[in-house]
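# Fold and geometry: a report
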Amino acid sequence: MKLKISAIGNSAGVILPKEILARLRLEKGDELYVLETPDGIKLTPFDPTLAEQMAVAEQIMREDRQVLHKLAQ
C-alpha cells in the first residue's frame, strides 16, 4: 500500500486508511510507536519497552511461583 505524505501545520504526516487502523485496532488519539529495524521502519501500537518489562515479569513469576503463591496467602 502506498501512502502520501501531507502537510499538517508546520509538520508532515501520513494519514492511515480506516482499514489499516482497524487491523492495528487503533482509533483517533491512540499512540503509535515507531521502531527502527534492520529492514526499515516499523509502526506498532505496542510499546516495546513495556513488552520487555512484561517478559521479565513473566519470567520472574514462573521462576518464583511457589514464593509468590505463599505471599498471596
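Scroll up to find the structure.
To start, this report covers the structure provided alongside it. The residue numbers shown here count from 1 along each chain, following its written sequence. Under the rules for a predicted model, residues below a pLDDT of 70 receive no local features and side-chain atom pairs below 80 are neither given nor counted, while totals for whole chains, interfaces and linings still include all residues. With hydrogens and water excluded, all non-hydrogen atoms of the structure serve as input to the side-chain values.

Patch membership requires more than 30% relative accessible area and the absence of a salt bridge. Residues of like charge join within 9 Å; the nonpolar side chains Val, Leu, Ile, Met, Phe, Trp and Tyr join within 5 Å. Accessibility throughout is a Shrake-Rupley quantity obtained with a 1.4 Å probe, and a residue counts as covered only by protein chains that appear here. A pair is scored as a salt bridge if a Lys or Arg side-chain nitrogen falls within 4 Å of a carboxyl oxygen belonging to Asp or Glu. A surface patch of nonpolar side chains, about 430 Å² in accessible area, is lined by Met1, Leu3, Ile5 and Val14. In DSSP terms, a helix is any run of H or I states spanning at least four residues, a strand is any run of E spanning at least two, and both are numbered starting from the N terminus. Tracing the backbone through its elements, the reader meets Ile5 in strand β1 (residues 5-8).

This part is about the pairing of strand β4 (residues 40-44). The criterion for strand pairing is that DSSP finds at least two bridges linking the strands in question. Judged from the five bridges that link them, strand β3 (residues 33-37) and β4 form a sheet pairing that is antiparallel. Residue pairing across strands places Val34 opposite Leu43, the latter belonging to β4. In this structure, the hairpin formed by β3 and β4 is closed by a connection of two residues.

Such coordinate-based values are descriptive only and should not be taken to indicate function.
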